[in-house]
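Observations on the three-dimensional arrangement
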Amino acid sequence: VLLPQTTQIEIATFPFEAAVGSPVRVKGDRSVLHKYLNRNMVAVGMVVEEEGETAVQVMLLDSASGRLLHSARHSECAGPIRMLLGDHFLLYSYWSPVAHQHLMTVAELYTNS
C-alpha cells in the first residue's frame, strides 16, 4: 500500500493480551452475525492534504497478507486522529472544522456480511 504525503499518522493494533468475549452477535430476529476476528489487523489513520483540501484517510489492513480490509476518506476534516482497534471493530475520532466539532466513526467487520 502506497501511503500519500501526510502531516500526521496514527496507528492502532489489537492488544496481544486481549480476549474475545463472543465470536458472534445475535440480532433481534435471532439471526447470527459472525465477527471477523483477525489478530493481524492494523489500522492506519492519516491527515492528507491535496490541492489545498485537508481530509482524513483511514485504512484497515491485514498485516500478514497485506490485504486492505476497509478504507474510508472523510473530506474537509482534520486531525488529531485517535483510534481504537477491538476484536472486530475500529473506532476513531477526528476534527471537522466545517461543523466545529469532533466526529466519531465506527466500522464493524463480520464474515457473513
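Residues numbered from 1 in each chain as written. Predicted model: local features only at pLDDT ≥ 70, side-chain atom pairs only at ≥ 80, totals over all residues. Heavy atoms only, no water.

1. Observations regarding the overall build of the protein chain
Looking only at helices and strands, the protein chain features zero helices and nine strands. Dimensions of the protein chain, computed from C-alpha atoms along their principal axes, come out at roughly 45 × 30 × 25 Å. Expressed as a percentage of its 113 residues, the buried residues of the protein chain come to 37%. Relative to all contacts within the protein chain whose residues are 6 or more apart in sequence, the contacts with residues 24 or more apart total 45%. Placing the 8 positive and 11 negative side-chain charges of the protein chain at their respective mean positions leaves the two points 13 Å apart. (Helix = DSSP H or I, 4+ residues; strand = E, 2+ residues; numbered from the N terminus. Buried < 20%, exposed > 50% of the residue type's maximum accessible area, 1.4 Å probe, protein only. Contact = heavy atoms within 4.5 Å. Lys, Arg positive; Asp, Glu negative; His and termini not counted. Charge placed at Lys NZ, Arg CZ, Asp CG, Glu CD.)

2. A closer look at the environment of K35
Following the sequence through the fold, K35 ends up in the loop between β3 (32-34) and β4 (41-50). Once you skip the residues sitting within four places of it in the chain, K35 turns out to touch S22, P23, V24, D87, H88, L109, Y110 and T111.

3. Section: unusual backbone geometry
With a phi angle near 70°, R30 is a residue other than glycine that sits in the positive phi range. Looking at the secondary structure, you find R30 in the loop between β2 (24-26) and β3. Residue R30 is classed as exposed on the basis of its relative accessible area of 74%. The backbone of H100 shows a phi angle near 55°, a positive value even though the residue is not glycine. Residue placement: H100 occurs in the loop between β8 (89-96) and β9 (101-108). Here H100 falls in the exposed class, since its relative accessible area comes to 64%.

4. Focus on the sheet that holds strand β7 (residues 78-85)
Spatially, the three strands line up as an open sheet ordered β7-β8-β9, and their pairing is antiparallel. Both edges of this open sheet fall to β7 and β9, since each of them pairs with a single strand only. Within the sheet, the average angular offset between the axes of one strand and its neighbour, ignoring direction, is 15°. Pairing of β8 with β9, which is carried by eight bridges, proceeds in the antiparallel orientation. (Pairing = 2+ DSSP bridges. Axes fitted to C-alpha atoms, helices over the stretch in contact; angles between N-to-C directions.)

5. Concerning the nonpolar core
Within soluble globular proteins, side chains that are nonpolar generally end up buried alongside one another. One finds M83, L85, L90 and Y92 to be the most contacted residues of the largest nonpolar core, which totals 18 residues. When contributions to this core are tallied by element, the ones reaching two or more residues are β4, β5 (53-62), β7 and β8. Those residues in contact with M83 that sit more than four places away from it in its chain are E10, A12, A43, V44, G45, V58, L90, L91 and Y92. Counting six residues, the second largest nonpolar core, distinct from the first, contains V42, V44, M46 and M59. (Core = buried A, V, L, I, M, F, W, Y, C linked by side-chain atoms within 4.5 Å.)

6. A short note on the pattern of salt bridges
Throughout the structure, instances matching the rule amount to three salt bridges. As a salt-bridge pair, D87 and K35 come within 3.8 Å of each other at their nearest N and O atoms. Of this pair, D87 sits in the loop between β7 and β8 while K35 sits in the loop between β3 and β4; the two residues are 52 residues apart in sequence, bridging distant segments of the chain. (Salt bridge = Lys/Arg side-chain N within 4 Å of Asp/Glu carboxyl O.)

7. Examining the side chain of H88
Here H88 shows up in the loop between β7 and β8. We classify H88 as buried; its relative accessible area is 4%. Residues in contact with H88, not counting those within four places in the same chain, are R25, K35, Y36, L37, A107, E108, L109 and Y110.

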